[in-house]
Each structure stands twice: as structure tokens, then as C-alpha cells.
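This is what each chain is made of:
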Amino acid sequence: MKKIRNLVVGGVVAVLAALTSGSVAQAQVSQRVPHVVKAWADAWNTGNAAKMASLFTDDGTYQDNAFQVAMSGHQGVATWVEITERSIRNAHVDVQDAFRSGDRIAVRWTFSGTDTGAFDKTRPATGKSFSVPVSTLIDLRGERIRQLTDY
């Protein structure tokens, strides 16, 4: 009986450790995240401009309100990724949650990296790391992004 109790207690401790580490919660979020959001985050995290562009319709637009930029078409979207990669070293997307309703998707995520100063030539690079919360709305046409807006 003592051996069974020890096994049960050990199992409970392992589950609690997983819950507090966030691995179970992250796995649940990962299962809910729409495929296109996973591909979008992967394109950012690998700096793959061509992959990002392939997620958009021919006339799709990537609008980033923080930087007051809107880039359209496959080349425009790819250019936005290239500009970001030059401007922010180690740019990284960490999706916290996302849901899809019809042809619309909402995403809550954190954007992090290190400022290189390349985006804004009017000021020197800070070289500082940052992490900011972001919300994104995505409008799809079929399974491709027609409009993506970062807030």
C-alpha cells in the first residue's frame, strides 16, 4: 500500500511541476492556435521572408500600426520581414493565444528582440532588448492572409 501511495504522490508532484512550468498550458494553447498563425510565427522566428509572403494573398497587406507601416503584395510583405530583421536582432514571436471565427483570427502575442537602430535612421541604436505585448487581427481569403494588422 505504501508503494502505491508513493507512486500516486510522485505522479501528482510531476503533474503539478508541469502545470507550474507552463508546459501543459503551452501545449493546450498550441493545440488551439490556427495553422496559419503557427506558420506566421515560424516565419517571423526564422526570419523567412519568402515563407511569410507565401502566407498572403497576391494583394494581401501586412499593416503594423506601431511602426505606421503597411506593405502589400508578396514582395511588400517579404520586404517588411527583411526590414524588421535588419532593425531588430533576434526578433521573436511568442504566441500566447489565438482563435478563429470564420475568416477572422485574433492573436495575442509577445514580440521581443534587440534594437539595432536600422529602422529609424534619425536616432542611434539603443542596443537594448525589449519585449512588448501585441494583438493582431487577421482576415483570411480561403486559407491565405488578405489583411493582417498588428496593434
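Structure: above.
In short, a report on the structure. (Residues numbered from 1 in each chain as written. Predicted model: local features only at pLDDT ≥ 70, side-chain atom pairs only at ≥ 80, totals over all residues. Heavy atoms only, no water.)

**What to know about the packing of aromatic side chains**
Under the defined criterion, the tally for this structure stands at 6 aromatic pairs. What links up through ring pairs into an aromatic cluster is the set Trp 40, Trp 109, Phe 111 and Phe 130. (Phe/Tyr/Trp six-rings, centres within 6.5 Å; stacked < 30°, edge-to-face > 60°.)

**Examining the nonpolar core**
Ranked by internal contacts, the top residues of the largest apolar core, which has 35 residues, are Val 37, Trp 40, Met 52, Tyr 62, Val 95 and Val 107. Take this core: its biggest share by element is 7 residues, from helix 3 (residues 35–46). (Core = buried A, V, L, I, M, F, W, Y, C linked by side-chain atoms within 4.5 Å. Buried < 20%, exposed > 50% of the residue type's maximum accessible area, 1.4 Å probe, protein only. Helix = DSSP H or I, 4+ residues; strand = E, 2+ residues; numbered from the N terminus.)

**Some thoughts on the side chain of Asp 115**
One can find Asp 115 in strand 4 (residues 104–115). In contact with Asp 115, other than residues within four places in its own chain, are Ser 87, Arg 123, Ala 125, Thr 126, Gly 127, Lys 128 and Phe 130. (Contact = heavy atoms within 4.5 Å.)

**A look at the pattern of salt bridges**
Overall, the coordinates contain 7 salt bridges when judged by the stated rule. Between Asp 59 and Arg 141 there is a salt bridge whose closest N-O contact spans 3.0 Å. In this pair, Asp 59 sits in strand 1 (residues 56–64) while Arg 141 sits in strand 5 (residues 129–141), placing the two residues 82 residues apart along the sequence. According to the relative accessible area criterion, Asp 59 is partly exposed, its value standing at 47%. With a shortest N-O distance of 3.1 Å, Glu 143 and Arg 100 are connected by a salt bridge. Taken as a pair, Glu 143 in the loop between strand 5 and strand 6 (144–150) and Arg 100 in strand 3 (residues 88–101) lie far apart in primary sequence, 43 residues in all. Relative accessible area serves as the criterion here: at 55%, Glu 143 is assigned to the exposed category. Beyond isolated ion pairs, a larger network of salt bridges with shared partners links Arg 32, Asp 97 and Arg 108. (Salt bridge = Lys/Arg side-chain N within 4 Å of Asp/Glu carboxyl O.)

**Description of unusual backbone geometry**
Positioned with a positive phi, Gln 68 is a non-glycine residue whose angle comes to about 55 degrees. A positive phi angle, near 60 degrees, is found at Asn 90, a position not held by glycine. Structurally, Asn 90 can be placed in strand 3.

**Topic: helix 5 (residues 73–87)**
Given 3.6 residues per turn, any residue in an α-helix points the same way as the ones three and four places further on. Relative to the 21 Å expected for 15 residues at 1.5 Å per residue, helix 5 spans 21 Å between its end C-alpha atoms, a close match to the ideal helical length. Looking at helix 5, one finds that the buried residues are Gly 73, Gly 76, Val 77, Ala 78, Trp 80, Val 81, Ile 83, Thr 84 and Ser 87. On the buried face of helix 5, the contacting elements are helix 3, helix 4 (49–54), strand 1, strand 2 (69–72), strand 3 and strand 4. (Expected span 1.5 Å × (residues − 1).)

**Looking at the layout of surface pockets**
Of the pockets and cavities examined, the largest pocket occupies roughly 340 Å³. Around the largest pocket, the lining is made up of 22 residues, and of these Asp 64, Phe 67, Ile 88, Phe 111 and Phe 130 lie nearest the centre. For the lining of the largest pocket, the secondary structure elements donating two or more residues are strand 1, helix 5, strand 4 and strand 5. By residue number, the principal contributor to the lining of the largest pocket is helix 5, which donates 4 residues. Split into classes, the residues belonging to the lining of the largest pocket amount to 14 nonpolar, 3 polar and 5 charged. (1 Å grid on protein atoms, 1.4 Å probe; cavity = no way out; pocket = protein on both sides within 12 Å on 5 of 7 lines; lining within 4 Å. Points joined across faces, edges and corners; volume = space filled by probe spheres on them. Nonpolar A, V, L, I, M, F, W, Y, C, P; charged D, E, K, R; others polar.)

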